[in-house]
Amino acid sequence: MPVAREFAPDLVLVAAGFDAAARDPLGGMEVSPAGYAYMTAQLRSLAAGRLVVALEGGYNLRSISSSAAAVMRVLLGDDPPPLPPAPPCRSAARDILEASRAMAPFWRSVAAALGGPQAQPRSAVARPRLSRAALRELYGTRAYPRRRRRSRWPFKWRATTPSAWRGAARRRPAWHRFMYGDE
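Right, let's walk through the structure included here. (Residues numbered from 1 in each chain as written. Predicted model: local features only at pLDDT ≥ 70, side-chain atom pairs only at ≥ 80, totals over all residues. Heavy atoms only, no water.)

### A closer look at the overall build of the protein chain
Here is step 1: Within the protein chain, the secondary structure is distributed over 8 helices and 2 strands.
Here is step 2: Along the protein chain, helices (α) and strands (β) appear in the sequence α-β-α-β-α-α-α-α-α-α when read from the amino end.
Here is step 3: Taken across its 183 residues, the protein chain has 17% of its residues classed as buried.
Here is step 4: Once local pairs closer than 6 in sequence are excluded, the contacts in the protein chain between residues at least 24 apart make up 58%.
Here is step 5: Summed over its atoms, the accessible surface of the protein chain is roughly 14,900 Å², and 58% of this surface lies on carbon and sulfur atoms. (Helix = DSSP H or I, 4+ residues; strand = E, 2+ residues; numbered from the N terminus. Buried < 20%, exposed > 50% of the residue type's maximum accessible area, 1.4 Å probe, protein only. Contact = heavy atoms within 4.5 Å. Areas by Shrake-Rupley, 256 points an atom, 1.4 Å probe, with all protein chains shown as cover.)

Next up, the structure:
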C-alpha cells in the first residue's frame, strides 16, 4: 500500500477474480471473505474512494458468492470484519523482502521502510539491461525462445496466390452483406 499511496492513482480498477478464495479448487491460496473485504477497504483508501471492482471469475460458486458479498458490503460503507493476527509464512516473508529490495531504488516509501537510502528520481535510475544469455539462464531456453525472422509475405503474395484471384475484386464477407445489404 505505501507504493500505491506514493503513486497516487486517480482511479483504481480491480479485476476481482476470486480464484484465491478458500475452497477454490485451482487457486489453493485460502483467502477468506474477510481477507477480500480487508483488501477492498485498503484499496478504497486510494484515489479518494474511486474504485471499480469487476467480477472476473473463480471456480467455486459458494466461495465466489461469499467473497463478492463481503467486497460489496465494504463498497457500500460497512467496515470489514476483523482479521485474526497471523504472521506470514517464511516463504511469503522472504518473497516480500526480496520484492521490497528490488523496488527500493524506485520508490521512496519502500526505501524508507527498509531503512536504506532514499530512492532517486526515476530519470536518474538506470534500469539494468539483461543480455539474451542472461534471460535464457533466468527463464530457461523454452520460456524465452529465440526470436524468429519475420516472414516476407507482403512481397511474395503475387507468386503464391492463384491466378484467378489476381486483379479480381474481393467479395465482402457474409456479415458485411448482412449488416449493410451490399454485395
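### Quick look at the environment of valine 52
Here is step 1: When you line up the elements, valine 52 lands in strand β2 (residues 51-57).
Here is step 2: For valine 52, a relative accessible area of 39% corresponds to the partly exposed category.
Here is step 3: Here the alpha-carbon distance between valine 52 and valine 12, two residues 40 residues apart in the chain, equals 6.2 Å.
Here is step 4: Apart from residues lying up to four places away in sequence, valine 52 is in contact with Leu11, Val12, Leu13 and Val14.

### Concerning unusual backbone geometry
Here is step 1: At alanine 8, a position not held by glycine, the phi torsion is positive, near 55°.
Here is step 2: Along the chain, alanine 8 falls in the loop between α1 (2-7) and β1 (12-17).

### Remarks on the side chain of serine 67
Here is step 1: Take serine 67: it is sitting in helix α3 (residues 61-75).
Here is step 2: Here serine 63 takes part through its backbone oxygen, which lies 2.8 Å from a polar atom of the side chain of serine 67.
Here is step 3: In contact with serine 67, not counting residues within four places along its chain, are Phe18, Ala21, Pro33 and Tyr36. (Polar contact = N/O pair within 3.5 Å; in protein donor to acceptor, adjacent residues only side chain to side chain.)

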